Amino acid sequence: MSEGRPFCELKAAERMEALGVVSEARELSQSHADRSVTMIDSNPPFFAAYGSLFHSRPAAGNHEAEAMEECDLPLVDLSRLSDELQAEQCKREIVTAASEWGFFQIVNHGIPNGVLERLREEQVRMFRQPFEKKADEKFLGFLGDSYRWGAPTATSLKQLSWLEAYHIRLSSATYPATTSTSRCVVEELSSAMAQLADRLTGILAQGMGCDGSYIKENCKRDTCYLRLNRYPPCPVAGEVFGLVPHTDSDFLTVLCQDNVIGLQLKKGGRWIAVRPNPGTLIINVGDLFQAWSNGLYKSVEHRVVSNPHLERFSVAYFVCPSQETMIQSSAQPAIYSTFSFGEYRQQVQQDVTLLGYKVGLTRFLASCRRNKHTNAQLLP
Ligand SMILES: O=C(O)CCC(=O)C(=O)O
Ligand SMILES: [Fe+2]
């Protein structure tokens, strides 16, 4: 193996061989004597499922090696919203951050620390379950297909995400009478996140001269999502992302990350790393708000880099409307054509499947005089 070269200099496929990775993540884990048995059984079998990508494709490019600038997101103290003298200034800061950064962090957000801590404990416990159990769709009684990992449509390393996640549709209809602790905590947190999101979307709608009830009326509990993410330590970090670059396909995202650095966003054409700040939540604008605000608010590309040693956890609450909701630019001339959320999701899904990546709002530029019947001609 490796002709005596240090491990970090080996190519991905060589590292797999060096680690004795034949088929299962289990075998990978066994090479690390300090890993517990629980960890061994709980990691998804990335190499078994995606081994061919490591052997047959060029590496994604070493994003670890890029000189990475770290930044603190604009910080907004929401306690000022209840102070008559400071509320307007606080709202202006939110509007400015959403227009200039598309991302900001909030403190005194009203979600009790205890709820966030309980959710994190449950999240860790859920992901520590054996992989086979997590992959069983009846686990925890969430709607089917909630547990996801990797990237089923990936045809190259740069499309792969070294991530496992519970993507939970917050449907009250399937909420069972007998509930597990995990379900209760998920319920508690998602209600708190929904309230917080309502306040923020209201402020942002007001900031563009519109009525916030449009989002409130179309984004109900059962159309929003909560996602619990875990980024396992990645032996080929630098060649595989934790989460591939993307924008969020919603109105707004509320994100709670842990203290392991990993989230990066694109600003001024460059990737910058977001410094974790305990006690704060991160808010980011999604595609739908960018379209509705006619480009005033920015849905900014972001990604998560994987970490060779540390696992990372995050929780994201996505403010999504019903499939039928029409998204129409609120100002003239409209940058985007009017589309339904269902149509948008379908287009994103189609692009990811056929092209390997999300094209996003560019597909719906009004200047393209997009016609859904001739859409195929617009494919790059
Ligand atoms: O884990 C993170 O910090 C970001 C997650 C994210 O961007 C997403 O789930 O869409
Ligand atoms: Fe995201």
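Keep in mind the model is a prediction, meaning the values are calculated, not measured.

Enquirer: Looking at this structure, how should I read the environment of cysteine 368?
Expert: Topologically, cysteine 368 is positioned in the segment after helix H11 (341–355). C-alpha of cysteine 368 to C-alpha of serine 337: the two residues are 31 residues apart in sequence and 9.0 Å apart in space.

Enquirer: Can you walk me through the packing of helix H5 (residues 87–100) against helix H8 (residues 181–207) in this structure?
Expert: When two helices pack together, their arrangement is captured by the angle between the axes and the distance separating the axes. Running from N to C, H5 and H8 point in directions that differ by 80°, and their axes come no closer than 9 Å. By the angle between their axes, H5 is roughly perpendicular relative to H8. Residue-level inspection shows Lys91, Ile94, Val95 and Ala98 of H5 in contact with H8, the latter providing Leu200, Ile203, Leu204, Gln206 and Gly207. Residue composition of the contact of H5 with H8, grouped by class: six nonpolar, two polar and one charged.

Enquirer: Where do I start with the coordination of the iron ion (ligand 2) in this structure?
Expert: Each donor-metal-donor angle would ideally measure 109.5 degrees in four-coordinate tetrahedral geometry, or 90 or 180 degrees in six-coordinate octahedral geometry. In this structure, His246 (NE2), Asp248 (OD) and His302 (NE2) serve as the protein donors to the iron ion (ligand 2), at separations of 2.1 to 2.2 Å. The sequence motif formed by the donor residues of the iron ion (ligand 2) is H-x1-D-x53-H. Take histidine 246 and aspartate 248: they sit in the same class, and that class is buried.

Enquirer: In this structure, what is going on with the side chain of serine 340? I would like to understand it.
Expert: Along the polypeptide, serine 340 turns up in strand S15 (residues 339–340). In this structure serine 340 comes out as buried when scored by relative accessible area, which is 14%. In terms of polar contacts, serine 340 uses its side chain to reach the backbone amide nitrogen of glutamate 343, at 3.0 Å.

Enquirer: For this particular structure, what's the right way to read the pairing of strand S10 (residues 270–274)?
Expert: Regular strands have side chains that alternate between both faces of the sheet. Counting buried positions over the five residues of S10 gives four, a clear majority of the element. Pairing between strand S1 (residues 69–71) and S10: three bridges, direction parallel. Paired with glutamate 70 across the strands is alanine 273, a residue of S10. Bridge count for strand S9 (residues 263–267) against S10 is four bridges, and the pairing is antiparallel.

Enquirer: Would you mind showing me how to read empty space enclosed by the protein here?
Expert: The gaps left among the atoms become clear once a water-sized probe is rolled over them. A complete count under the given rule lists three cavities of 30 Å³ or more for this structure. Roughly 140 Å³ of internal volume is contained in the largest cavity. In terms of lining, the largest cavity is formed by 17 residues, of which the most central are Tyr231, Leu243, His246, Leu255 and His302. Residue assignment for the lining of the largest cavity shows that the elements contributing at least two residues are strand S6 (225–231), strand S7 (241–246), strand S8 (252–257), strand S12 (302–305) and strand S13 (312–319). Counting residues per element, the lining of the largest cavity draws most heavily on S13, at four residues. Looking at the lining of the largest cavity residue by residue, the class counts come to eight nonpolar, six polar and three charged.

What counts, and at which threshold
Residues numbered from 1 in each chain as written. Chains lettered and ligands numbered in written order. Predicted model: local features only at pLDDT ≥ 70, side-chain atom pairs only at ≥ 80, totals over all residues. Heavy atoms only, no water. Helix = DSSP H or I, 4+ residues; strand = E, 2+ residues; numbered from the N terminus. Axes fitted to C-alpha atoms, helices over the stretch in contact; angles between N-to-C directions. Parallel < 35°, antiparallel > 145°, perpendicular 65-115°, else oblique. Contact = heavy atoms within 4.5 Å. Nonpolar A, V, L, I, M, F, W, Y, C, P; charged D, E, K, R; others polar. Donors = N, O, S within 2.8 Å, 3.2 Å for Na, K, Ca; no water. Buried < 20%, exposed > 50% of the residue type's maximum accessible area, 1.4 Å probe, protein only. Polar contact = N/O pair within 3.5 Å; in protein donor to acceptor, adjacent residues only side chain to side chain. Pairing = 2+ DSSP bridges. 1 Å grid on protein atoms, 1.4 Å probe; cavity = no way out; pocket = protein on both sides within 12 Å on 5 of 7 lines; lining within 4 Å. Points joined across faces, edges and corners; volume = space filled by probe spheres on them.

Without other data, these values stay purely geometric and don't point to any function.
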